[in-house]
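# Coordinates in review
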Amino acid sequence: MDGQKRIQSALISVFHKDGLEPIVRELDRLGVHLYSTGGTQTFIEGLGLKVTPVEEITTYPSILGGRVKTLHPKVFGGILGRRDLDSDVAQLEEYAIPPIDLVIVDLYPFEATVTAGGTESEIIEKIDIGGISLIRAGAKNHADVVIVPSMQHYAELLRLLKDQEGSTTLAQRRAFAAAAFGVSSHYDGAIYNWFSGGNGDLRLSAGPTTVLRYGENPHQKGAFHGDLAGMFEQLNGKELSYNNLLDLDAAVDLIQDLDTIEGVPFAILKHNNACGAAVRATVKEAWDAALAGDPVSAFGGVLITTARIDKATAEAIDSIFFEIITAPGYDDDALAVLMKKKNRMILKRRTAALPKTKVRAALNGVLTEDADTVVPSAASMKTATVKAPSAQEVSDLVFATMLVKHTKSNAIVLAKGNQLIASGTGQTSRVDALEQAIAKAGRFNFDLHGAVMASDAFFPFPDCVEIAHKAGITAVVHPGGSIRDQDSIDYCNANGLAMCITGTRHFKH
């Protein structure tokens, strides 16, 4: 096999020990000489296996509170020494430097420490120096060395050790090297972003890559870059597609806002927009109300809730065709119902931090912006009219504003009793969006008398409030900001409508 080399020695220095034991035991079976230091050395010794402390090579102890352990010519010489270069081999022998054929590293958890809200000193101490240097050295000399840069690569190493009895090819070592530079690049990017506070040049590295079946359309390639397994556990169904992930992204953003309302939220999305949504006392009631909003568009939709799915809800959901459901958990009998269809994608949502910055390609560059984390609330509903909204109308206005925030602009949402009645989405005219919503509400026999209307941006003219009033709507909300806001307020005052202004626009393009 091309460039095949057998591993005879290994340096292991890892933060996370999970999954390490079978590798160490396999290396021991293969007669590989193990070197280690600190907690990793203690772990290996605890397994009853022989390991040489790095200090025996360097003749220096770990110093400066553990900041300097492996940073020594006798360590890096053993990794970087070129086995096919006589002068390198001679120097290794002259200085009694043992060659190292395998380097296993798992870096200090810098990003996890930042996410957990660590202090500045705690975060600084989680900037790995020796580990990142070992990774780069091993990757550079991949002609001779296997570099395993994180615990995510343990399984692949273990497979090779077993299948090939400790031997690797140049192509395999090169693949590990590529992964290593990916790890180091991501790690350095995270550190840079923390130091710059998000105000420096863009450094984007989202994590591991999942190649998708295709992109938005079959003729386009697609991939997801990030820890998808950290977001969802897939319990059933085919692989998630590019469009599935876009819908899930929209669904998660929406449900996080709806979850701030008392009760159980349930939403149904198609093409990134909610076609059904409701908040009720139970998950079954929330599903029934969400589906009633638009049972036609729900076909092939993405379903999301923050409640555990029980059997009664599963049986109700099972009556329609849908692509995906995601929830924090499922009763066993509910899963049995939902898993009857093998392609149905059933996801268990995990707790995961979402990016604070939104990124998209534009022209010959990239656009970034802060995520829209403003959550509508009763406190944000500032009454602008003589008539104030009732308590129920305020609740509905908050609910409707959450929905319109997550609907493609121009957007209008009609709601009543914390239920999505209808929406107008992605229209070039706000009047068109409103008329679309009213027509849709009529198609499903909703009575708009007592309903509320939310707009993602201001009303430039009073035409929208006039149309809404004639349809039976009694309260409206918009961000305000038009030089003609008063025209819409005057119409509401003259016709007994309540209007609230939030001061926050929620365009979504």
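Below you will find a few notes about this structure. (Residues numbered from 1 in each chain as written. Predicted model: local features only at pLDDT ≥ 70, side-chain atom pairs only at ≥ 80, totals over all residues. Heavy atoms only, no water.)

Let's shift gears to helix 18 (residues 463-471). C464, V465, A468 and A471 are the residues of helix 18 that are buried. Down the axis of helix 18, the smallest arc covering the buried residues is 125°, so these residues share one side. Tucked into the core, helix 18 has its buried residues touching helix 17 (430-443), strand 21 (452-455), strand 22 (475-478), helix 19 (485-495) and strand 23 (498-501). Trailing helix 18 by a residue or two, G472 shows a phi angle of about 110°, which is positive. (Buried < 20%, exposed > 50% of the residue type's maximum accessible area, 1.4 Å probe, protein only. Helix = DSSP H or I, 4+ residues; strand = E, 2+ residues; numbered from the N terminus. Arc of directions from axis to C-beta. Contact = heavy atoms within 4.5 Å.)

The next subject is the packing of helix 17 against helix 18. It is the contact of helix 17 with helix 18, at a shortest axis distance of 10 Å, that shows an interaxial angle of 10°. The angle between the axes of helix 17 and helix 18 places the two elements in the roughly parallel class. Of the residues in helix 18, those in contact with R430, V431, L434, E435 and I438 of helix 17 are D463, C464, I467, A468 and A471. Its residues placed into classes, the contact of helix 17 with helix 18 shows 7 nonpolar, no polar and 3 charged. (Axes fitted to C-alpha atoms, helices over the stretch in contact; angles between N-to-C directions. Parallel < 35°, antiparallel > 145°, perpendicular 65-115°, else oblique. Nonpolar A, V, L, I, M, F, W, Y, C, P; charged D, E, K, R; others polar.)

A few words on the pairing of strand 16 (residues 357-362). Where strand 16 and strand 17 (residues 365-370) come together, 6 bridges link them in antiparallel fashion. Its bridge partner lying in strand 17, T357 is registered against D370. Following strand 16, the chain reverses through 2 residues before pairing antiparallel with strand 17; L363 in that reversal takes a positive phi of roughly 50°. (Pairing = 2+ DSSP bridges.)

Before going further, it helps to examine the nonpolar core. I12, L27, L34, I79, L102 and I104 are the most contacted members of the largest nonpolar core, which totals 52 residues. Residue contributions to this core peak at 7 residues, all from helix 10 (residues 170-196). In this view, L34 contacts A10, I12, V24, L27, I44, K50, V51 and T52; residues no more than four positions away in its chain are not counted. Counting 43 residues, the second largest nonpolar core, distinct from the first, contains M231, L258, I304 and V413. (Core = buried A, V, L, I, M, F, W, Y, C linked by side-chain atoms within 4.5 Å.)

With that out of the way, let us pick up the packing of aromatic side chains. Under the criterion given, the structure shown has 6 aromatic pairs. With a centroid separation of 6.3 Å and 65° between ring planes, the pair formed by F110 and Y187 is classed as edge-to-face. Of this pair, F110 sits in helix 6 (residues 110-115) while Y187 sits in helix 10; the two residues are 77 residues apart in sequence, bridging distant segments of the chain. Overall, F110 belongs to the buried group, its relative accessible area being 2%. A ring pair is formed by F110 and W194, whose centres lie 6.1 Å apart and whose planes are at 85°; its orientation type is edge-to-face. Of this pair, F110 sits in helix 6 while W194 sits in helix 10; the two residues are 84 residues apart in sequence, bridging distant segments of the chain. Three or more aromatic residues joined by ring pairs make a cluster, and in this case those are F110, Y187, W194 and F195. (Phe/Tyr/Trp six-rings, centres within 6.5 Å; stacked < 30°, edge-to-face > 60°.)

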